[in-house]
Amino acid sequence: MTVRIAQAGLGYWGKNLVRNFDELADLRRLVDASPEIREQFARRYPNAKVTASFDDLCDDPDIDAIVIATPVPTHYPLAKQALEAGKHVFVEKPPAMRAAEMAELVALAVERNLVLMPGHLLLYHPGVRMLKRLVDAGDLGDVLCVYGNRQNLGKIRKDENALWSLGVHDLSVILYLIGEQPSEAVAHGNAFLTPGVEDVVFCYLRFPSGKIAHMHLSWLDPHKMRKLTVVGAEKMAVFDDMELERKVTIYDKAPEQPAQTYGEWRTRTGDIFSPKIPNDEPLRLECRHFLDLVENGPGDHTEAFAGLEVVRALEQLQQSLWAAAS
Ligand SMILES: NC(=O)c1ccc[n+]([C@@H]2O[C@H](COP(=O)([O-])OP(=O)(O)OC[C@H]3O[C@@H](n4cnc5c(N)ncnc54)[C@H](O)[C@@H]3O)[C@@H](O)[C@H]2O)c1
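What this report covers is the structure whose coordinates are included nearby.

What counts, and where the lines are drawn
Residues numbered from 1 in each chain as written. Predicted model: local features only at pLDDT ≥ 70, side-chain atom pairs only at ≥ 80, totals over all residues. Heavy atoms only, no water. Disulfide = S-S within 2.5 Å. Buried < 20%, exposed > 50% of the residue type's maximum accessible area, 1.4 Å probe, protein only. Salt bridge = Lys/Arg side-chain N within 4 Å of Asp/Glu carboxyl O. Helix = DSSP H or I, 4+ residues; strand = E, 2+ residues; numbered from the N terminus. Pairing = 2+ DSSP bridges. Axes fitted to C-alpha atoms, helices over the stretch in contact; angles between N-to-C directions. Contact = heavy atoms within 4.5 Å. Patch = residues over 30% accessible without salt bridge, like charges linked within 9 Å, V, L, I, M, F, W, Y side chains within 5 Å. Areas by Shrake-Rupley, 256 points an atom, 1.4 Å probe, with all protein chains shown as cover. Near = heavy atom within 4 Å. Polar contact = N/O pair within 3.5 Å; in protein donor to acceptor, adjacent residues only side chain to side chain. 1 Å grid on protein atoms, 1.4 Å probe; cavity = no way out; pocket = protein on both sides within 12 Å on 5 of 7 lines; lining within 4 Å. Sits in = over half its atoms within 2 Å of the grid points.

## With respect to the state of the cysteines
Scanning the entire structure with this criterion turns up zero disulfides. Of all cysteine sulfurs in the structure, the one in Cys-287 sits closest to Cys-58, which takes part in no disulfide; the separation is 19 Å. On the basis of relative accessible area, Cys-58 is assigned to the buried category, the value being 7%. Relative accessible area serves as the criterion here: at 0%, Cys-287 is assigned to the buried category.

In C-alpha cells form, the structure reads like this:
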C-alpha cells in the first residue's frame, strides 16, 4: 500500500517533511496559509493539489494521513480535526500546548485506532538510538544524571518560548533514556527579547528513582550546542550533534572505591571511544516510521503516549517558569 499523504504548513521545517514524504509516499495535497508559498509549492510539486483550506484535506476520502507543520498554537485544533475526520496524523512538536489537550488527542487516536505521531525528531537519530542501546544494555552502569545543552544565537521565535521550541527535543530524549516521568520539574528563565517569550531557560528534573536531569535552552548564546551528556556509575557518554564524525563518545571514566582506600573515592580514567554511527538522515527515518505505522497499524500507540509524557513535563516546567517570574 502506498500511503496517500497531505500536508499543512510548508514553511522553514515543513518543506523538509514535504521532500521526504514526496519521495517515500503518494503526496496528494498541500495546504499553506500563504499565497506566495502555495505558488512556489504548486510549481515544485505539480502532482499535488495545493490549496488554502485545511478542511480540503480532512474532507478528501482519498487521503490516508495528514502531516501538520504549522505554527505550534494551531497544532491541537488541526490535529483534532484530522483525527475526527478519520485521518492518521503526524504533527510537529509539540502537538499541543496543554497536557489536557494532548490527552484528548491521544484518546481520540486510541478510540479510532489511528496513528498519532509527534515530530520527536531526535528519537530517530542513530546517535540517540546508540545512547539508548548503551543505557538499556547497562554498559554505562546505572544512569545517574543526564543533561542537555541546546543553545545558539537565533532562530528567535515569537509563538513559542525556548522551553517549548528547543526543550521538547531534549525532553523527548531524556524521558526516552530514563524511562520515567519526572517527580519534580523546576525551570528558571527570562524573556529578554520578546515580552512573555522566554529566550533563556534552565530546567531541572528529578525522577522517582533519584536520577536527575538538566537542560540549558537558549537562542541567546555565543555557542551553537546540540549536546546531551549521560553520566553513568561506570561510564559516561556524550551525544554531540555538532560533530560530523564523532557523534557519540563513550568515556570509560568513573569514580570507584578500591578496597585498599578504605571507603575513599578515587577516579578511574580509561579509554575514550567513538563507535561508528550510521549516517542516515533522522528525518527520513522519522517519516518512514510514520508510514510504517500507517501501513501496519498504530500498535499500542507508543509514540502518542510518549508525546503526552513530553507535553506533561513541558507543562510542569512552564508552570514553574511562571511561578518563578511572578
Ligand atoms: N523537528 C524539528 O527539528 C523542527 C525544526 C523546526 C521547526 N519545527 C516545528 O515545525 C513547525 C513549523 O515551524 P516552522 O519553523 O516551519 O514555521 P514557519 O513559520 O516557517 O512555517 C509555518 C507555515 O505554516 C503556515 N500556516 C500557518 N497557519 C496555517 C494554517 N492554519 N493552515 C495552513 N498553513 C498554515 C504558514 O504560512 C507557514 O508557511 C513548528 O511546530 C516547529 O516547532 C520542527
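## Topic: the pattern of salt bridges
Counted by the stated rule, this structure contains 17 salt bridges. The closest approach of N and O atoms between Arg-19 and Glu-281, which form a salt bridge, is 3.1 Å. Of the two residues, Arg-19 is situated in helix 1 (residues 14-24) and Glu-281 in the loop between strand 14 (266-273) and helix 8 (282-296); the sequence distance between them amounts to 262 residues. Judged by relative accessible area, which is 30%, Arg-19 ranks as partly exposed. For Glu-281, a relative accessible area of 30% gives the class partly exposed. Note that Arg-157 is salt-bridged to Glu-160, the shortest N-O span being 3.6 Å. Residue Arg-157 is classed as partly exposed on the basis of its relative accessible area, which comes to 26%. Several salt bridges converge on common partners, so that one network encompasses Arg-4, Asp-62 and Asp-64.

## Digging into the sheet that holds strand 5 (residues 88-91)
One open sheet holds the six strands; their spatial order is 3-2-1-4-5-6, and the pairing between them is parallel. The outermost strands of the open sheet, each flanked by one partner alone, are strand 3 (49-51) and strand 6 (116-118). Averaged over all pairs of adjacent strands, the angle between their axes in this sheet comes to 20 degrees, without regard to strand direction. Alignment of strand 1 (residues 4-8) against strand 2 (residues 26-31), held across five bridges, turns out to be parallel. What sits directly across from Ala-6, in strand 2, is Arg-29. Across the sheet, helix 1 is in contact with strand 1, strand 2, strand 4 (65-68) and strand 5; its angle to strand 1 comes to roughly 170 degrees.

## Let's talk about a nonpolar patch on the surface
A grouping of Leu-153, Ile-156, Phe-192, Leu-193 and Leu-220 is seen on the molecular surface, where their side chains present a nonpolar patch of about 500 Å² in accessible area. Tracing the chain through its elements places Ile-156 in the loop between strand 7 (143-153) and helix 7 (162-178). Using a relative accessible area of 48% as the deciding quantity, one classes Ile-156 as partly exposed.

## Notes on the site of the ligand
Around the ligand, 22 residues are found, and the nearest of them are Tyr-12, Trp-13, Asp-32, His-75 and Arg-157. In the environment of the ligand, an oxygen atom lies 3.1 Å from a nitrogen or oxygen atom belonging to the side chain of His-75. Here an oxygen atom of the ligand and a side-chain polar atom of Arg-157 are 3.1 Å apart. Burial of the ligand by the protein amounts to 81% of the accessible area it has alone, namely 850 Å². Here the ligand is seated within the largest pocket.

## Looking at the environment of Gly-179
Here Gly-179 lies in the loop between helix 7 and strand 8 (184-190). By relative accessible area, which is 62% here, Gly-179 ends up exposed. In this structure the C-alpha to C-alpha distance between Gly-179 and Phe-207, which are 28 residues apart in sequence, comes to 9.5 Å.

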